[in-house]
Amino acid sequence: MRKFLLVVCLLASGSAFAETAIWTGNKELIQTIAGRTQWKCEYRVANTTQMILFWREFFDFCPSEVGYY
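Residues numbered from 1 in each chain as written. Predicted model: local features only at pLDDT ≥ 70, side-chain atom pairs only at ≥ 80, totals over all residues. Heavy atoms only, no water.

### Some words on the state of the cysteines
Thought 1: Scanning all chains against the criterion turns up one disulfide.
Thought 2: In this model, C41 is linked to C62 through a disulfide, with the two sulfur atoms separated by 1.9 Å. Judged by the sign of its S-S torsion, about -75 degrees, the bond between C41 and C62 is left-handed. With a gap of 21 residues between them, C41 in strand β2 (residues 37–45) and C62 in the loop between β3 (53–58) and β4 (65–68) connect regions that are remote in the sequence.
Thought 3: A relative accessible area of 10% means that C62 is categorised as buried. (Disulfide = S-S within 2.5 Å. Helix = DSSP H or I, 4+ residues; strand = E, 2+ residues; numbered from the N terminus. Buried < 20%, exposed > 50% of the residue type's maximum accessible area, 1.4 Å probe, protein only.)

### Observations regarding the side chain of E42
Thought 1: Tracing the backbone through its elements, the reader meets E42 in strand β2.
Thought 2: Here T24 takes part through its side chain, which lies 2.9 Å from a polar atom of the side chain of E42.
Thought 3: At a separation of 2.4 Å, a polar atom in the side chain of E42 contacts the side chain of N26.
Thought 4: When near neighbours in sequence (up to four residues on either side) are disregarded, E42 contacts I22, W23, T24, N26, L53, F54 and W55. (Polar contact = N/O pair within 3.5 Å; in protein donor to acceptor, adjacent residues only side chain to side chain. Contact = heavy atoms within 4.5 Å.)

### Quick word on unusual backbone geometry
Thought 1: Of note, the phi angle at N47 is positive, near 60 degrees, even though the residue is not glycine.
Thought 2: With respect to the helices and strands, the residue N47 is situated in the loop between β2 and β3.
Thought 3: A residue is classified by how much of its surface remains accessible, and N47, at 78% relative accessible area, is exposed.

### Some points on the sheet that holds β4
Thought 1: Taking strand neighbours across the sheet as the criterion, the four strands line up as β3-β2-β1-β4 in an open arrangement whose pairing is antiparallel. Both edges of this open sheet fall to β3 and β4, since each of them pairs with a single strand only. Pairs of neighbouring strands in the sheet enclose a mean axial angle of 45 degrees, with direction left out of account.
Thought 2: Bridge count between strand β1 (residues 19–31) and β4: four bridges; the pairing is antiparallel. By the bridge assignment, T20 is partnered in β4 with G67. (Pairing = 2+ DSSP bridges. Axes fitted to C-alpha atoms, helices over the stretch in contact; angles between N-to-C directions.)

### Some details on the packing of aromatic side chains
Thought 1: Across all of its chains, the model carries three aromatic pairs by this definition.
Thought 2: Measuring from centroid to centroid gives 6.3 Å for Y43 and F58, while their planes differ by 70 degrees, and the two rings are edge-to-face. Here Y43 is found in strand β2, whereas its partner F58 is found in strand β3, with 15 residues between them in sequence.
Thought 3: Classification of Y43 by relative accessible area gives buried; the value is 0%.
Thought 4: You can call F58 partly exposed: its relative accessible area is 21%.
Thought 5: Members of the aromatic cluster, joined through ring pairs, are Y43, F54, F58 and Y68.
Thought 6: Between the NZ or CZ atom of R36 and the centre of the ring of F59, over which it lies, the distance is 4.1 Å. (Phe/Tyr/Trp six-rings, centres within 6.5 Å; stacked < 30°, edge-to-face > 60°. Lys NZ or Arg CZ within 6 Å of the ring centre and 35° of its normal.)

Taken by themselves, the reported measurements are silent on function.
This is how it looks when you write it as structure tokens:
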């Protein structure tokens, strides 16, 4: 049952309504509660008239593009 729910969640996360967000170049090195370091990266949603900015955290690097749902 757990595997079935995992598959359903993964399929639902791959929505056809996702927008592309582009990395703005802004990043911060942060430390997690567990003591690991992460990059906190800022992204802007592409092809919009509004300035939609958000942050995501990654362990290795800031990807140039991510999906925005």
